[in-house]
Amino acid sequence: MSLLKKVVVSILGSSFLLADVTNTATTSTIKSSLFGPLGAGLVVIGAGVGIGMLAFAAANAIARQPEAAKDITGAVNLPLFLLEGVAIIGLVVCILAVV
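Residues numbered from 1 in each chain as written. Predicted model: local features only at pLDDT ≥ 70, side-chain atom pairs only at ≥ 80, totals over all residues. Heavy atoms only, no water.

Student: I tried to follow the overall build of the chain on my own but got confused; where do I start?
Tutor: A tally of regular secondary structure across the chain gives 4 helices and 0 strands. Along its sequence from the N terminus, the chain presents helices and strands in the succession α-α-α-α. Relative to its full complement of 99 residues, the chain shows a buried share of 19%. When contacts within the chain are restricted to residue pairs at least 6 apart in sequence, long-range pairs at least 24 apart make up 48% of them. Total accessible area on the chain stands at roughly 6900 Å², and carbon and sulfur atoms take up 75% of it. (Helix = DSSP H or I, 4+ residues; strand = E, 2+ residues; numbered from the N terminus. Buried < 20%, exposed > 50% of the residue type's maximum accessible area, 1.4 Å probe, protein only. Contact = heavy atoms within 4.5 Å. Areas by Shrake-Rupley, 256 points an atom, 1.4 Å probe, with all protein chains shown as cover.)

Student: Mind showing me how you'd approach the environment of Ala 57 here?
Tutor: Checked against the element boundaries, Ala 57 lands in helix H3 (residues 24-64). For the pair Ala 57 and Ile 72, spaced 15 residues apart in the sequence, the C-alpha separation amounts to 9.8 Å.

Student: Honestly, a nonpolar patch on the surface in this entry has me stumped. Any pointers?
Tutor: Together, Leu 34, Phe 35, Leu 38, Leu 42, Ile 45, Val 49 and Met 53 give the surface a local cluster of nonpolar side chains, amounting to about 710 Å² of exposed area. Counting through the fold element by element, Ile 45 comes out in helix H3. Accessibility expressed as a relative area gives 55% for Ile 45, which makes it exposed. (Patch = residues over 30% accessible without salt bridge, like charges linked within 9 Å, V, L, I, M, F, W, Y side chains within 5 Å. Salt bridge = Lys/Arg side-chain N within 4 Å of Asp/Glu carboxyl O.)

Student: Looking at this model, I keep getting lost on the environment of Gly 36. Mind explaining?
Tutor: Locating Gly 36 in the fold gives a position in helix H3. Along the chain, Gly 36 and Ala 97 lie 61 residues apart, while their C-alpha atoms are 6.0 Å from each other. Once residues lying within four places of it in the same chain are set aside, the contact partners of Gly 36 are Cys 94 and Val 98.

Student: It is not clear to me how the confidence of the model for the chain should be interpreted in this structure. Could you clarify?
Tutor: Keep in mind that low pLDDT regions are not for reading the predicted coordinates in detail. Averaged over every residue, the pLDDT of the chain is 77; residues scoring 70 or more account for 67%. Per-element averaging of pLDDT across the chain places helix H2 (residues 15-18) at the bottom with 45 and helix H4 (residues 69-98) at the top with 87. Every residue in residues 14-19 scores below 50 in pLDDT, and together they form 11 contacts with partners more than four places removed in sequence or on other chains. (pLDDT = per-residue confidence, 0-100.)

Laid out in structure tokens, this is it:
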């Protein structure tokens, strides 16, 4: 099967229309190898948005009340580290789904 045909089959999921009957194992391998990186990309995008929102809120709070900068920074660090940990775990799970 050509690469274009494999991509179309994996996206549409209609292997009975486009794929050969003997290549059903190849089609399932293509599907599983497509969704792992897609999931990893979604995890990275979600973590990036979450970290950006935390940083924006912290910068906004420090700008409004500069004398509380140490307290705000301390309160932001723990959720930031937890969010990064969840993102790393999500990436590992997506990578292991492909392997």
